[in-house]
Each structure stands twice: as C-alpha cells, then as structure tokens.
Amino acid sequence: PPFTKRRVRTLEAKVRAIVNGLLEPVLGHGGADMVGAFTSPLSTLAFLTLLGASDTQADALREHSERFEAAQIAEDRETAEAESQLLYQYCRDFVQDRLANPGDPRSDIVAALATAKPDGRPIDPEVIAGSVRQMIIAAHIAPTCALASALRHLALHRDLQDTLRNQPQLIPDALEELLRIYTPNQGFARTARRDVQIGEAAIHADDSVALVLTSANRDESVFDSPDQVVFGRRQHHLGFGHGPHSCIGQHL
C-alpha cells in the first residue's frame, strides 16, 4: 500500500522541495557534477521521504548506502562488506524503532510489512530489515543512473531542450521516451515454471532465463528508429518491467 500512486502523490510537495534545494546551489554555481550534486542525493532522499526516516536516520542511511555502492563499483570487497553490515544494522535499528512505534500500514512501509502475513505467518523483523535495506539500494542506483542519463542526453541535444521549454505539454512523453532509451535496470533473471517456445528458442521448466529489458526497449520490431529519442510513441516500454514483478517504486 505505501507504494500506490495515491500514496506517492501525497509526497510530491516534499520531493519538489528536495529537488529545489539540490538545484539551487547548482544554478548558483552555473553547473556541477550532476550525479554527485543532484541525481544521487535526490534518489536516496526521495525514497527516505517515502520511508518516513528522520533527518538523522536519513543522513546515516544515505551515507552508508552510497559508500556501499562506491565500494562495489571499485570491487573493494572488504569495504563493501563492512558498509553492508553497517547498513544492515542501521536498518535493524530503524525497523525496531518503527515496530515499537507502529505507523499506519497504508502509508508506513515497516508497518505494512509487519502486518502482512504471507502464507499465514508474520514476517520476521530480520527479514523486514533486510527488505528495507534492499529497497534503499534499489531505490538509489537505478534512478540515479536513469536521471543522469536523461540529463546527459538533454545536455547533448539542445534542440530537445528547446522543444520541451517551448512545448512543456511534451514533458510526459519525453519522460517515457528517456526511460525507454535509458532503461533504469538492464534486466533480471527468471526461472521458467513450465516448458514454453518463444520464437526459435525452446525454454524448459526450471531453465534460468535472462530478461534483458534494455534490449526489449530497443526492439526494432516494436519501435521505429529504436535508437532515436522520439516523443509521442504509443508503444509500451519496459523501463519498469512488466506484470506482477514490475517495479514497485515506479510511481515514486
């Protein structure tokens, strides 16, 4: 429930305030490293707003999630493991605090998980902490990259900037098209539950299958000129996946 479109819409003013606060110094300086100054902190702070973390909690969670990801990129396993454990502990403390002071399951992620009973059993607090940690990481890296890629594309194509400034009604189309061409997640693995034939490929039950969303979103049999940014496409992109496993954070 905390991820529904209706719930997320209530956060719009807070997220706009975060955006404005991050952009003001950038505009004041005439430019910046937009990942470090804007897309990375925005992604984390927007999700922590949804999570309902206090400023102190948000600072700690953001700091350690960014250190963890930087260590992963640098293939620094020792630092990545240390930061991962610190992040886990912060999430455990956060969950314990929320369980002691439960919120509304319709708007509070921890409360929603604590009241859910898959298979008729309550979810263990350690699993809730792990879920919160997973969401913090997932909510950071994908939007950070997608937003940065969109900004870079617009920076390199002044004509598109001018079009959007002159015709702001095209901004929703531009959002969808940039999500298509700069897909937030490259893909996922799935396990086939039964034998199935897809094109010339015979897939058997229990086979592992790579779903490459970036490839699907540039499929020339679906999209004309798939490598070009074209506003107003009517074909559905898979930037957030599809079906029951589509991205839970897409409305945010």
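Here, the structure is the one placed above.
Quick notes on the rules
- Residues numbered from 1 in each chain as written.
- Predicted model: local features only at pLDDT ≥ 70, side-chain atom pairs only at ≥ 80, totals over all residues.
- Heavy atoms only, no water.
- Phe/Tyr/Trp six-rings, centres within 6.5 Å; stacked < 30°, edge-to-face > 60°.
- Lys NZ or Arg CZ within 6 Å of the ring centre and 35° of its normal.
- Core = buried A, V, L, I, M, F, W, Y, C linked by side-chain atoms within 4.5 Å.
- Buried < 20%, exposed > 50% of the residue type's maximum accessible area, 1.4 Å probe, protein only.
- Helix = DSSP H or I, 4+ residues; strand = E, 2+ residues; numbered from the N terminus.
- Contact = heavy atoms within 4.5 Å.
- Salt bridge = Lys/Arg side-chain N within 4 Å of Asp/Glu carboxyl O.
- Expected span 1.5 Å × (residues − 1).
- Bend = angle between axes of the 7 residues up to and from the residue.

### Let's talk about the packing of aromatic side chains
- Counted under the stated rule, the structure contains zero aromatic pairs.
- Its guanidinium or amino end placed over the ring of Tyr88, Arg133 lies 4.7 Å from that ring's centre, counting from NZ or CZ.
- One residue, Arg180, lies across the ring of Phe223, its end atom 4.9 Å from the ring centre.

### Details of the nonpolar core
- Counting 32 residues, the largest nonpolar core has Phe47, Leu48, Leu51, Leu61, Ile109, Val132 and Ile136 as the members making the most contacts within it.
- Where this core is concerned, the elements lending two or more residues are α2 (12-29), α3 (34-51), α4 (55-73), α5 (77-100), α6 (109-115) and α7 (125-156).
- By residue number, the principal contributor to this core is α3, which donates eight residues.
- Dropping the residues within four chain positions of it, Ile136 is found in contact with Phe47, Leu48, Leu51, Leu61, Ser65 and Cys91.
- Counting nine residues, the second largest nonpolar core, distinct from the first, contains Ala150, Leu154, Leu160 and Ile181.

### So, the side chain of Asn217
- Turning to its location among the elements, Asn217 is positioned in the segment after α10 (213-216).
- A relative accessible area of 0% places Asn217 in the buried class.

### What about the pattern of salt bridges?
- For the structure on display, the rule yields twelve salt bridges.
- With a closest N to O distance of 3.3 Å, Asp162 and Arg158 form a salt bridge. With a gap of four residues between them, Asp162 and Arg158 both fall in helix α8 (residues 158-166), about one helical turn apart.
- Given a relative accessible area of 32%, Asp162 falls into the partly exposed group.
- Across the pair Arg233 and Glu177 runs a salt bridge, and its minimum N-O distance is 2.8 Å. Of this pair, Arg233 sits in the segment after α10 while Glu177 sits in helix α9 (residues 171-181); the two residues are 56 residues apart in sequence, bridging distant segments of the chain. Taken individually, Arg233 and Glu177 each receive the classification buried, so the pair is uniform in this respect.
- Through salt bridges that share partners, Glu63, Arg67 and Glu83 make up one connected network.

### Let's talk about unusual backbone geometry
- Positive phi outside glycine occurs at Glu75, with the angle close to 55°.
- Tracing the backbone shows Glu75 in the loop between α4 and α5.
- Of the residues examined, Glu75 reaches a relative accessible area of 70% and is grouped as exposed.
- Positioned with a positive phi, Ser225 is a non-glycine residue whose angle comes to about 45°.
- Within the secondary structure, Ser225 is located in the segment after α10.

### Section: α2
- The first and last C-alpha atoms of α2 sit 26 Å apart over 18 residues, in line with the 26 Å expected at 1.5 Å per residue.
- Where α2 bends most, the angle comes to about 25°, and this point is Leu23, followed within four residues by the proline Pro25.
- What α2 keeps buried is the set Val15, Ile18, Leu22 and Val26.
- Turning to α2, the residues buried within the fold contact α3.
- Directly after α2, the chain includes Gly30, whose backbone phi takes a positive value near 80°.

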